[in-house]
Amino acid sequence: MVKKIDGIYFLNRSESVDYLVKAYDLKWCMTKWQNGRIKVCYENKQKYRGYFFINAYKIKTSKFVQVSQYELDTGMQIM
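Residues numbered from 1 in each chain as written. Predicted model: local features only at pLDDT ≥ 70, side-chain atom pairs only at ≥ 80, totals over all residues. Heavy atoms only, no water.

**Student:** Is there a simple way to explain the side chain of S68 in this structure?
**Tutor:** Note that S68 resides in strand β7 (residues 65–68). Here S68 is in contact with I8, Y9, F10 and Y57, once residues within four sequence places are set aside. (Helix = DSSP H or I, 4+ residues; strand = E, 2+ residues; numbered from the N terminus. Contact = heavy atoms within 4.5 Å.)

Have a look at this one:
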């Protein structure tokens, strides 16, 4: 479930993939652990493939790792 802390939304990895696919009209998107960070890979409708890295956060009220929606949006601005 999406959590809002100090005005910043935090999503788990599956929610972040769903968010990116819908918000940026992507063909596909996936996440994986790499060197202690989360690598987000994607392909858009124009067949451009890209990737970026984001930090993972552990929130007390969740047993899952969360990612910041702000970091997801910032990473997609490169596109």
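There is more to say after this.
**Student:** Any chance you could explain unusual backbone geometry here in plain terms?
**Tutor:** Most of the time, phi is negative for any residue but glycine, and the peptide bond is trans. Phi is positive for D25, close to 50 degrees, though the residue is something other than glycine. Along the chain, D25 falls in the loop between α1 (13–23) and β3 (26–34). The phi dihedral of K47 is positive, around 65 degrees, even though this residue is not glycine. Tracing the backbone shows K47 in the loop between β4 (37–44) and β5 (49–54). Judged by its relative accessible area of 61%, K47 falls in the exposed class. (Buried < 20%, exposed > 50% of the residue type's maximum accessible area, 1.4 Å probe, protein only.)

**Student:** Sorry if this is basic, but what is going on with the sheet that holds β5 here?
**Tutor:** In a beta sheet, neighbouring strands are held together by backbone hydrogen bonds and run either parallel or antiparallel to one another. Across the sheet, three strands lie side by side as β3-β4-β5; this open sheet has antiparallel pairing. In this open sheet, the two edge strands, each paired with only one partner strand, are β3 and β5. Here the average twist between neighbouring strands, direction ignored, is 20 degrees. Relative to β4, β3 runs antiparallel, the two being bridged by eight bridges. Following the sheet pairing, C29 is matched in β4 by Y42. Strands in contact with α1 are β3, β4 and β5; relative to β3, the strand with the most contacts, it is inclined by about 150 degrees. (Pairing = 2+ DSSP bridges. Axes fitted to C-alpha atoms, helices over the stretch in contact; angles between N-to-C directions.)

**Student:** I would appreciate a short explanation of the nonpolar core in the present structure.
**Tutor:** One broad rule of soluble globular proteins: the nonpolar side chains tend to lie buried together. Within the largest apolar cluster, 13 residues are counted, with the highest numbers of intra-cluster contacts made by L20, C29, V40, F52, I54 and L72. Taken together, the elements giving at least two residues each to this core come down to α1, β3, β4, β5 and α2 (69–76). The element that contributes the greatest number of residues to this core is β4, accounting for three residues. In contact with C29, not counting residues within four places along its chain, are V17, L20, V21, V40, C41 and Y42. (Core = buried A, V, L, I, M, F, W, Y, C linked by side-chain atoms within 4.5 Å.)

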